[in-house]
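# Report on the structure
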Amino acid sequence: MYFENNRNDALQNKFGILGKSAGVQAMLETIEQVAPTDISVLIAGESGSGKELVAAALHKHSKRSHKPFIIVNCGAIPAGIIESELFGHKKGSFTGAQIDRKGYFQSADGGTIFLDEIGETPLGTQVKLLRVLEQGEFLPVGSSKSMRVDVRIVAASNRNLEKEVDAGTFRKDLYYRLKAITITVPSLRNRREDIAILANKFASDCAIRNQILFKGFSEGAYKVMSQNRWPGNIRELKNFIESMVILEKGGVIKTDVIYRYLNAESTPTELNPLLPVKLDKNVDQAERELILQQLFMLRREIAEMKEIMARGLATPRGSEASADEYNPDLEVLPDDHVHEAHAEESPAILNPQMLGNLTAAQVEKELILRSLERFNYNKRKTALALQMAERTLYRKIKDYGIAKEN
Ligand SMILES: Nc1ncnc2c1ncn2[C@@H]1O[C@H](COP(=O)(O)OP(=O)(O)OP(=O)(O)O)[C@@H](O)[C@H]1O
Ligand SMILES: [Mg+2]
């Protein structure tokens, strides 16, 4: 037992990945085994759980550590340019390609490429990735000559790739090639025993960095933190601790302070035990429901706005029609219109008829804007909730000229 603890401590220190839970111990052992090899690795885990940290540890403890570690967020690159970004292009291969351009694979030569959110790559690009994985070669866009590179591939996804394969959005052959070595990063709520270690580390690092006093947490404080759900995993815990340590500089952090900050940060979807929300849904489901609620509220507002405008227009102010004859519902609002506006129980798609003069684009823009605000401009969460590829979301944000308001 003593030996095991020592080993776990040693691996935590070696990789800078904290945790003594069974899930983290198993993960550290796998990293120790596979890091020095050239084998490709798939890292699975929820957003904020530590996938990038694992990828960096794999690179740092390989014989490639002195060569580049290139991180590519596949979800953030527009589909139209992803191949040229990854594999480079020849001058003149498309409008705007004025010079030969090196892709990420070439830049990573000798080192490691980390393909984050690999589930977001278009199917056509997946074929090319499979070829690099199997043969170490690829064709730059517009070139007829294959290039060879010596790159280790580490990929990550917070989506369930098996489901993507079933849905036909991820290639089965690529999945099978990648999944041979899979490291699953456990979600924070499935390793609550690690929360105290992490909270302490984040708090003391933050205190040292900012030269402020941190005297520790009370037992009760640990308990409350370990009961929280942390849908944003370690990233969320880290941000939470850091803001609390900075704002509450000085004494021991007790339960009341934790409650205060949890309440301030919580949204109902975080399924915080402090809030009376149902626990029988997973976070994705709950978030999607929230977006749907927003959609219905938007529909209702638009319907109400239209109704008000219509009443304004139809009110027989100074006209010949008498007040008795006037029936706004019959005159202005067709039946289906009224029905649509109050049909909250069915999560139907927006009915364009109901939206009157608003174009589909305006409605979409509004929905994206509200969802972004709802998720504090976290694009990944927003895309997830809207069931939209992250790349599509980035494009729409750009197209609609949506900017974060400060
Ligand atoms: N086990 C751990 N010990 C210490 N710090 C950790 C651990 N896991 C994650 N972190 C820290 O938490 C933050 C989030 O981790 P990381 O960026 O690796 O998550 P991710 O899974 O890649 O998230 P995303 O899916 O959103 O890209 C980082 O600051 C990272 O250093
Ligand atoms: Mg990441």
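Residues numbered from 1 in each chain as written. Chains lettered and ligands numbered in written order. Predicted model: local features only at pLDDT ≥ 70, side-chain atom pairs only at ≥ 80, totals over all residues.

## Thoughts on the overall build of the protein
Definition in use: Secondary structure counts use DSSP, requiring at least four H or I residues in a row for a helix and at least two E residues in a row for a strand, with both numbered from the N terminus. Residue burial here comes from a neighbour count, namely the number of other C-beta atoms, placed from the backbone, that lie within 10 Å of the residue's own C-beta, with 20 or more meaning buried, 12 or fewer meaning exposed, and in between meaning partly exposed. Any two residues are considered in contact once their C-beta atoms, placed from the backbone, lie within 7 Å.
For the protein, the helix and strand inventory stands at 18 helices and seven strands. Relative to its full complement of 406 residues, the protein shows a buried share of 31%. Restricting to contacts in the protein with at least 6 residues of sequence separation, those with at least 24 account for 70%.

## Thoughts on the sheet that holds strand S3 (residues 112-116)
The condition that has to hold: The rule for pairing is simple: two strands pair if DSSP sees at least two bridges between them. To obtain an axis, a line is fitted to C-alpha atoms, over the contacting stretch when the element is a helix, and the angle between two such axes runs from 0 to 180 degrees between their N-to-C directions.
Spatially, the five strands line up as an open sheet ordered S2-S3-S6-S1-S7, and their pairing is parallel. Bordering the open sheet on either side are strand S2 (69-73) and strand S7 (182-184), each of which pairs with just one other strand. Neighbour-to-neighbour, the strand axes of the sheet open up by a mean angle of 20°, direction not taken into account. Pairing analysis gives three bridges linking strand S1 (residues 41-44) to S7, with the strands arranged parallel. Across the sheet, the residue bridging to Leu-42 is Thr-182, located in S7.

## Re the site of ligand 1
Our working rule: To decide whether a residue is near a molecule or strand, its C-beta atom is placed from the backbone and checked for lying within 6 Å of it. Any residue that is not Ala, Val, Leu, Ile, Met, Phe, Trp, Tyr, Cys, Pro, Asp, Glu, Lys or Arg is counted as polar, Gly included; the first ten are nonpolar and the last four charged. Domain ranges listed in this record stem from an automatic or a database domain assignment.
Residues in close proximity to ligand 1 total 17 residues, the closest being Leu-18, Gly-50, Lys-51, Glu-52 and Ile-234. Residue assignment for the shell around ligand 1 shows that the elements contributing at least two residues are helix H3 (51-60) and helix H11 (233-247). Grouping the constituent residues of the shell around ligand 1 by class yields five nonpolar, seven polar and five charged. Among the domains, domain 1 (2-186) and domain 2 (189-270) are the pair contributing at least three residues each to the shell around ligand 1.

## Looking at the environment of Lys-67
Mapping Lys-67 onto the fold places it in the loop between H3 and S2. Counting along the chain gives 40 residues from Lys-67 to Ser-107, while the straight-line C-alpha distance between them is 9.9 Å.

## Considering the packing of helix H9 (residues 195-210) against helix H10 (residues 219-227)
The line we're drawing: Angular relationships are summarised with four words: roughly parallel below 35 degrees, roughly antiparallel beyond 145, roughly perpendicular across 65 to 115, and oblique for the angles in between. Helix crossings get a hand from a simple test, with the near helix turned counterclockwise from the far one by less than a right angle marking a left-handed crossing and a clockwise turn marking a right-handed one.
In contact at an axis separation of 9 Å, H9 and H10 are set at 110° when each is read in the N-to-C sense. As the angle between them shows, H9 and H10 are arranged roughly perpendicular. Viewed along their axes, H9 and H10 form a crossing whose handedness is right-handed. Taken together, the residues of H10 that come into contact with H9 (itself represented by Ile-195, Ala-196 and Ala-199) are Tyr-222, Met-225 and Ser-226. A class-by-class count of the residues in the contact of H9 with H10 yields five nonpolar, one polar and no charged.

## Some thoughts on helix H17 (residues 379-386)
Across the eight residues of H17, six count as buried, placing the element largely inside the fold. Gln-387 sits one or two residues past H17 and shows a positive phi near 55°.

## A few points about the confidence of the model for the protein
A low pLDDT means the predicted coordinates there should not be read in detail. Rule in force here: pLDDT is defined as a per-residue confidence score from the predictor, taking values between 0 and 100.
Summary statistics for the protein give a mean pLDDT of 80 and a share of 75% for residues scoring 70 or more. Within the model, the stretch residues 267-281 combines pLDDT values under 50 with 25 contacts to residues more than four positions away or in other chains. Every residue in residues 313-356 scores below 50 in pLDDT, and together they form 35 contacts with partners more than four places removed in sequence or on other chains.

## Remarks on the pairing of S3
Buried residues dominate S3, accounting for five of its five residues. In S3, alternate side chains face the same way, and those of Thr-112, Phe-114 and Asp-116 on one face and Ile-113 and Leu-115 on the other are all buried. As judged from the five bridges shared by S2 and S3, these two strands associate in the parallel manner. Each bridged residue has a counterpart across the sheet, and for Ile-70 the counterpart in S3 is Ile-113. When S3 meets strand S6 (residues 152-157), the two strands line up parallel, connected through four bridges. Note on S6: the bridge partner recorded for Phe-114 is Val-154.

## Overview of the environment of Ala-97
Within the secondary structure, Ala-97 is located in the loop between helix H4 (82-87) and helix H5 (104-107). Judged by the 15 C-beta atoms lying within 10 Å of it, Ala-97 falls in the partly exposed class. Residues Ala-97 and Ser-84 lie 13 residues apart in sequence; the distance between their C-alpha atoms is 9.8 Å. Those residues in contact with Ala-97, other than ones at most four positions away along the chain, are His-89, Lys-91, Gly-92 and Gly-142.

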